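Observations on the model geometry
These are the residues of each chain, in order.
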Amino acid sequence: MGESVNRRRPVVRKVTFTHDEWRQADAFYQRVRRARGGALPFTSHARDLLINAHAVTVTVALDPAMVRADMARIGGNINQIAHRANIAGHASSAELALVLEAQGELRALLARMCRERDEALEAAGWRSSR
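**Concerning the overall build of the protein chain**
Per the secondary structure count, the protein chain includes four helices and zero strands. Along the protein chain, helices (α) and strands (β) appear in the sequence α-α-α-α when read from the amino end. Counting across all 130 residues of the protein chain, residues that qualify as buried make up 13%. Considering only intrachain contacts with a sequence separation of at least 6, the fraction spanning at least 24 residues in the protein chain is 43%. When the accessible area of the protein chain is evaluated, it comes to approximately 10500 Å², of which 56% is carbon and sulfur surface.

Given below as structure tokens:
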């Protein structure tokens, strides 16, 4: 598949997909097609993506090494409480409060990561995945 002389666009290229890749590509194409009123040939969609798409690098200020260390610390605390509860057959209200506090820390950490990602995407001109 190379060139065809009698076409407005003479260069022809073949793209192959696995079944799973095609399901994903087609699902995306169908969403875009519906959003554009249903009249979008696949070749136009693919050409537009290949020509006009651009990569965006998002740098998040939160250091992944710090996140891993915090998550490991919090997870270790929760595991210690769970271990004591399994041995004793119950957990005290103070231990449950510590678990809930640790969960709150994890939620706050993940919310911060998501917020920073969304801010970086917005600054780059992209909408977040929310």
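**Notes on the packing of aromatic side chains**
Under the counting rule described, the total for this entry stands at three aromatic pairs. Seen from their ring centres, Trp 22 and Phe 42 are 5.4 Å apart, and the 65 degrees between their planes marks the pair as edge-to-face. Pair noted here: Trp 22 is in helix α1 (residues 19-35) and Phe 42 is in helix α2 (residues 42-52), with a separation of 20 residues, a long-range link.

**Focus on the environment of Phe 17**
Structurally, Phe 17 is set in the segment before α1. Ignoring any residue separated from it by four or fewer positions in sequence, one finds Phe 17 in contact with Trp 22 and Ala 25.

**Quick notes on helix α3 (residues 64-88)**
Since the α-helix turns once every 3.6 residues, residues separated by three or four places project in the same direction. The terminal C-alpha atoms of α3, which comprises 25 residues, lie 36 Å apart, in line with the 36 Å expected from a rise of 1.5 Å per residue. Three or more residues of α3 are buried, namely Val 67, Ile 74, Ile 81 and Ala 85. Contacts made by the buried residues of α3 are with α4 (93-123). Where α3 ends, the next residue or the one after it, Gly 89, has phi of about 85 degrees, a positive value.

**So, the pattern of salt bridges**
Applying the stated criterion to the full structure yields four salt bridges. A salt bridge links Arg 73 to Glu 105; the nearest nitrogen and oxygen atoms lie 3.1 Å apart. Note that Arg 73 is positioned in helix α3 and Glu 105 in helix α4, a separation of 32 residues in sequence. Judged by its relative accessible area of 30%, Glu 105 is partly exposed. Residues Arg 84 and Glu 95 are paired through a salt bridge, measuring 3.0 Å at the closest nitrogen-oxygen approach. Of this pair, Arg 84 sits in helix α3 while Glu 95 sits in helix α4, placing them eleven residues apart in sequence. Using a relative accessible area of 39% as the deciding quantity, one classes Arg 84 as partly exposed. Residue class for Glu 95 comes out buried when judged on its relative accessible area of 15%.

Rules behind the numbers
Residues numbered from 1 in each chain as written. Predicted model: local features only at pLDDT ≥ 70, side-chain atom pairs only at ≥ 80, totals over all residues. Heavy atoms only, no water. Helix = DSSP H or I, 4+ residues; strand = E, 2+ residues; numbered from the N terminus. Buried < 20%, exposed > 50% of the residue type's maximum accessible area, 1.4 Å probe, protein only. Contact = heavy atoms within 4.5 Å. Areas by Shrake-Rupley, 256 points an atom, 1.4 Å probe, with all protein chains shown as cover. Phe/Tyr/Trp six-rings, centres within 6.5 Å; stacked < 30°, edge-to-face > 60°. Expected span 1.5 Å × (residues − 1). Salt bridge = Lys/Arg side-chain N within 4 Å of Asp/Glu carboxyl O.

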